Amino acid sequence: MADPSSPLMALREGRWFKLICGASFQHLPAIRSLALAYGLAGAHCIDVAADPAVVAAVRSAWAIAPTLGFTPPDWTPPWLMVSLNDGEDPHFRKAFFDPATCPPDCQRPCEQVCPTQAIAAWPNSEGITPGILEPLCYGCGRCLPVCPHGRIIAHYRGLSPVRVGPLLLEMAPDALEIHTQIGRDRAFERLWRVIAPDLLGQIKLVAVSCPGGPGHGDYLKTLYDIMAPDLAIADCTLLWQTDGRPMSGDIGGGTTHAAIALAQETLALNLPGFVQLAGGTNDHTWPRLQALGLLDAIAGVAYGGYGRSQLQPIFDELDAIAHDRGQALNLEDIPPLLHRAVDRARAIVGLHHPAPATPMPP
Ligand code: SF4
Ligand code: SF4
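Residues numbered from 1 in each chain as written. Chains lettered and ligands numbered in written order. Predicted model: local features only at pLDDT ≥ 70, side-chain atom pairs only at ≥ 80, totals over all residues. Heavy atoms only, no water.

Participant: Hey, could you run me through the overall build of the chain in this one?
Facilitator: Helix and strand counts for the chain come out as 11 helices and 12 strands. Expressed along its principal axes, the backbone C-alpha trace of the chain runs to roughly 60 × 50 × 45 Å. When the 362 residues of the chain are sorted by exposure, 52% land in the buried category. Across the chain, the 25 positively charged side chains and the 35 negatively charged ones have centroids separated by 2 Å. (Helix = DSSP H or I, 4+ residues; strand = E, 2+ residues; numbered from the N terminus. Buried < 20%, exposed > 50% of the residue type's maximum accessible area, 1.4 Å probe, protein only. Lys, Arg positive; Asp, Glu negative; His and termini not counted. Charge placed at Lys NZ, Arg CZ, Asp CG, Glu CD.)

Structure representation (structure tokens):
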């Protein structure tokens, strides 16, 4: 009998849950804690930056996970997905400013809007003003328009095609996500030709993440035609990620509507492959899908900012304890915090899983 906790089965049954850590989020302690909590909570996939250090942090969490008493003996970790881009994309950017140029009387609205406390625009106790704490910035862009002095700019990043192949071999992910935008079929095809021949044999799933807009349907059909021959040879699953309102799920309930509308549009295309929502998803997503009668049609939901923000207060407590003790701590070093984090993650995974995947340890 097929394993009901397997990611492929979850896709087929419409139960798929993916946690998005962020294509440019590189704060290793937070990523490790997220991977541990959501992995133990029954997530089917964790989506991270294509960065070997990030991948190593996730794998170190999953190496310790079976020893913590949460999992059955045959527990297998979620699929590890890494994200790539075929051109300029907000998911692959970092904010930047030079704090030395900031007026001393600025009220620092940039600090207030940043969801990850990535901005430190004032001198710390050592007299240093870091500006942007780069690993914490995931490119959400909220700081860019609020600076009254126009000091903040975005640096866009991407891997050159020659680096993609070796990096993927080094990281050996289970799944790949390609972020693209309407009209970039030639760039998409260039990237696809680099990864397809060598790597599809190892990759269980390829996700294509594309925001909506005029020509969206025709664009996805073009991408499918590019990928289809290689996907068939490699027996690789295809997933369309409907990136409704990118990186906004923690802002409020209304952000989910764009992802749902894009999912409806994508489903209407009847393309081969699963359809999964992302971009603005949160606790309003599943009830809304249910009300619209879409639960049988979609494969699942991915949560990014919402999923991360729900565990952040627990991670802040961990940081405070580590600070008091003067030592680095992992989430599993403080069992009550680990239990709370897994419990909270289970409630989020359980937004569309009525029953928890595994019992909590005593
Ligand atoms: S607000 Fe967003 S883009 Fe700006 S520093 Fe914070 S995470 Fe980065
Ligand atoms: S809002 Fe602009 S000027 Fe003010 S501290 Fe932030 S980056 Fe500097």
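Right, picking up where we left off after that structure.
Participant: Explain the nonpolar core to me, please; I cannot follow it from the model alone.
Facilitator: Nonpolar side chains tend to gather and get buried jointly when the protein is soluble and globular. Judged by nonpolar contacts, the single largest core of 97 residues is most densely connected at Tyr38, Val48, Phe188, Trp192, Met227, Leu311 and Leu331. Broken down by element, this core gets its largest block of residues, eight residues, from helix 2 (residues 28-40). The residues that make up this core include at least three from each of domain 1 (7-86 + 172-308) and domain 2 (91-156). Apart from residues lying up to four places away in sequence, leucine 311 is in contact with Leu34, Ala37, Tyr38, Ala341, Arg344, Ala345 and Ile348. Formed by 11 residues, the second largest nonpolar core is a distinct cluster that contains Cys45, Ala175, Ala207 and Leu239. (Core = buried A, V, L, I, M, F, W, Y, C linked by side-chain atoms within 4.5 Å. Domains from an automatic or database assignment. Contact = heavy atoms within 4.5 Å.)

Participant: Even after reading the chapter, I still don't get helix 11 (residues 335-349), so can you show me in this structure?
Facilitator: The periodicity of an α-helix, 3.6 residues per turn, causes residues three or four places apart in sequence to face the same way. Compared with an ideal rise of 1.5 Å per residue, which puts 15 residues at 21 Å, helix 11 spans 21 Å between its outermost C-alpha atoms and is within 8% of the ideal. Residues of helix 11 that are buried include every one of Leu337, Leu338, Ala341, Val342, Ala345, Arg346, Ile348 and Val349, and no others. Elements that come into contact with the buried residues of helix 11 comprise strand 1 (16-20), helix 2 and helix 10 (305-325). (Expected span 1.5 Å × (residues − 1).)

Participant: Honestly, the environment of glutamate 170 in this entry has me stumped. Any pointers?
Facilitator: Mapped onto the fold, glutamate 170 is located in helix 5 (residues 161-171). Residue glutamate 170 is classed as exposed on the basis of its relative accessible area of 56%. Residues glutamate 170 and glycine 217 lie 47 residues apart in sequence; the distance between their C-alpha atoms is 34 Å.

Participant: Help me understand the packing of helix 2 against helix 3 (residues 52-64), please; the structure alone is not making it clear to me.
Facilitator: Two measures define how a pair of helices packs: the angle their axes make with one another and the distance between the axes. Remark: helix 2 packs on helix 3, axes separated minimally by 8 Å, with the N-to-C direction vectors making an angle of 40 degrees. Here helix 3 runs oblique to helix 2, going by the angle between their axes. Considering only the axes of helix 2 and helix 3, their crossing is right-handed. Across the interface between the two elements, Leu28, Ile31, Arg32, Ala35, Leu36 and Gly39 of helix 2 pack against Ala53, Val54, Ala57, Val58, Ser60, Ala61, Trp62 and Ile64 of helix 3. (Axes fitted to C-alpha atoms, helices over the stretch in contact; angles between N-to-C directions. Parallel < 35°, antiparallel > 145°, perpendicular 65-115°, else oblique. Left-handed = near helix turned anticlockwise from the far one by under 90°.)

Participant: Sorry if this is basic, but what is going on with the site of ligand 2 here?
Facilitator: As a matter of local geometry, ligand 2 sits amid 13 residues, with Cys102, Cys106, Pro109, Cys110 and Cys147 nearest to it. Residue composition of the shell around ligand 2, by class: 10 nonpolar, one polar and two charged. (Near = heavy atom within 4 Å. Nonpolar A, V, L, I, M, F, W, Y, C, P; charged D, E, K, R; others polar.)

Participant: What should I look at first to understand the site of ligand 1 in this one?
Facilitator: In the neighbourhood of ligand 1, the contacting residues comprise Ala95, Cys114, Pro115, Thr116, Ile119, Ile132, Cys137, Tyr138, Gly139, Cys140, Gly141 and Cys143. Its residues placed into classes, the shell around ligand 1 shows nine nonpolar, three polar and no charged.

Everything listed is a geometric property; what it means functionally is a separate question.
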